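Report on the structure
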Amino acid sequence: MDEAPATPLLAVHAHDGQRWLPLLRRLTELCPSLVVWKNASAALQGRGDLDVVAPSEDWDRIEHAFREWATVEALESIAVCRHVPGTVFLIALDPRTRCFFELDIKARGACRGATIFTPHDLHPMCTMDSRG
């Protein structure tokens, strides 16, 4: 007897990455020190998370903005994880598509415990994206 394959609890599907834009624009207003430092293109194409660096004093504002954005976007099951020192993971689930939206916040870029950069170090190398 053939059995139907089990449906995964959360399927890995591409999400509408353009949904990130209102959040990114809001964070740019709220936290001028915040820098998207990797994965922006993949996330905006619906294939990944967003990685930002921001001073830890901005993290509560970022979390609040993420929660507001998730509510507007009808995302649910918001999780906040602070288990990695110097990092916060914000995750929300789209119940319709069963896709996660994940925003990773770091206070600094590091390698083997040594600081490579802070948000302030990246600003001279940054440009504002044409999408805001």
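Right above here is the structure, for reference.
In this text, all values refer to a predicted model and were calculated from it rather than measured experimentally. (Residues numbered from 1 in each chain as written. Predicted model: local features only at pLDDT ≥ 70, side-chain atom pairs only at ≥ 80, totals over all residues. Heavy atoms only, no water.)

1. Some remarks on the overall build of the chain
Basically, it comes down to this: The secondary structure listing takes helices from DSSP runs of H or I that are at least 4 residues long and strands from runs of E that are at least 2 residues long, numbered from the N terminus. Throughout this description, buried means an accessible area under 20% of the type-specific maximum (1.4 Å probe, protein chains only), exposed means over 50%, and partly exposed covers the range between. Only heavy atoms enter the contact rule, under which two residues are in contact if any of them lie within 4.5 Å. For the area figures, the Shrake-Rupley method with a 1.4 Å probe applies, and any residue is considered shielded solely by the protein chains shown.
In terms of regular secondary structure, the chain is built from four helices and seven strands. The N-to-C order of helical and strand elements in the chain reads α-β-α-β-α-β-β-β-β-β-α. Among the 132 residues that make up the chain, the fraction classed as buried is 37%. By sequence separation, contacts in the chain at least 24 residues apart represent 54% of the contacts at least 6 residues apart. As presented, the chain carries roughly 8,000 Å² of accessible surface, and 55% of it is formed by carbon and sulfur atoms.

2. A look at the pattern of salt bridges
Convention followed: Salt bridges are counted wherever a side-chain nitrogen of Lys or Arg sits within 4 Å of a carboxyl oxygen of Asp or Glu.
Within this structure, the stated rule accounts for eight salt bridges. For the salt bridge of Glu 73 with Arg 19, the shortest nitrogen-to-oxygen distance reads 2.7 Å. Of this pair, Glu 73 sits in the loop between helix H3 (59–72) and strand S3 (76–81) while Arg 19 sits in the segment before helix H1 (21–30), and the two are 54 residues apart along the sequence. Each member of the pair, Glu 73 together with Arg 19, is buried. One salt bridge connects Asp 94 with Arg 96, and the closest N-O pair in it is separated by 3.3 Å. Here the salt bridges do not stand alone but share partners, grouping Arg 19, Glu 73, Asp 94 and Arg 96 into one network.

3. Regarding the packing of H1 against H3
Applied cut-off: Convention adopted: a line fitted to C-alpha atoms gives each axis, helices being fitted over their contacting stretch, and angles between N-to-C directions are expressed from 0 to 180 degrees. The labels follow the angle: roughly parallel below 35 degrees, roughly antiparallel above 145, roughly perpendicular from 65 to 115, and oblique for the rest. Should the near helix be turned counterclockwise from the far one by less than a right angle, the crossing is left-handed, whereas a clockwise turn marks it as right-handed. Lys, Arg, Asp and Glu make up the charged group, whereas Ala, Val, Leu, Ile, Met, Phe, Trp, Tyr, Cys and Pro make up the nonpolar group; the residues left over, Gly among them, are polar.
For the pair H1 and H3, interaxial distance at closest approach is 10 Å and the crossing angle is 150 degrees. With respect to each other, H1 and H3 are oriented roughly antiparallel. For the element pair H1 and H3, the recorded crossing hand is right-handed. Between H1, through Pro 22, Leu 23, Arg 26, Leu 27 and Leu 30, and H3, the contact on the second element is made entirely by Arg 61, Ile 62, Ala 65, Phe 66 and Trp 69. Here the residues of the contact of H1 with H3 are counted per class, giving eight nonpolar, no polar and two charged.

4. Observations concerning the side chain of Thr 87
By secondary structure assignment, the location of Thr 87 is in strand S4 (residues 87–94). With near-sequence residues (within four places) excluded, Thr 87 lies in contact with Trp 59, Cys 81, Arg 82, Ile 105 and Lys 106.

5. Regarding H1
Filter applied, for reference: By arc we mean the arc of the directions from the helix axis to the C-beta atoms, nothing more.
Here H1 has its buried residues at Leu 21, Leu 23, Leu 24 and Leu 27. Across the axial projection of H1, the buried residues extend over an arc of 160 degrees, all falling on one side.

6. Quick word on the pairing of S4
Rule in force here: Two strands qualify as a pair provided DSSP detects at least 2 bridges between them.
Among the eight residues that make up S4, seven are buried, leaving the element largely enclosed by the rest of the structure. Across four bridges, the pairing between S3 and S4 is antiparallel. Within the sheet, the bridge partner assigned to Ala 79 lies in S4 and is Ile 91. Hairpin connection of S3 to S4: five residues between the antiparallel strands, including Gly 86 at a positive phi of 75 degrees. Examined bridge by bridge, S4 and strand S5 (residues 99–106) share eight bridges and lie antiparallel to one another. Considered in S5, the bridge of Leu 90 is made with Leu 103. Where S4 folds back onto S5 in an antiparallel hairpin, the turn is made up of four residues, including Arg 98, whose phi is positive at roughly 60 degrees.

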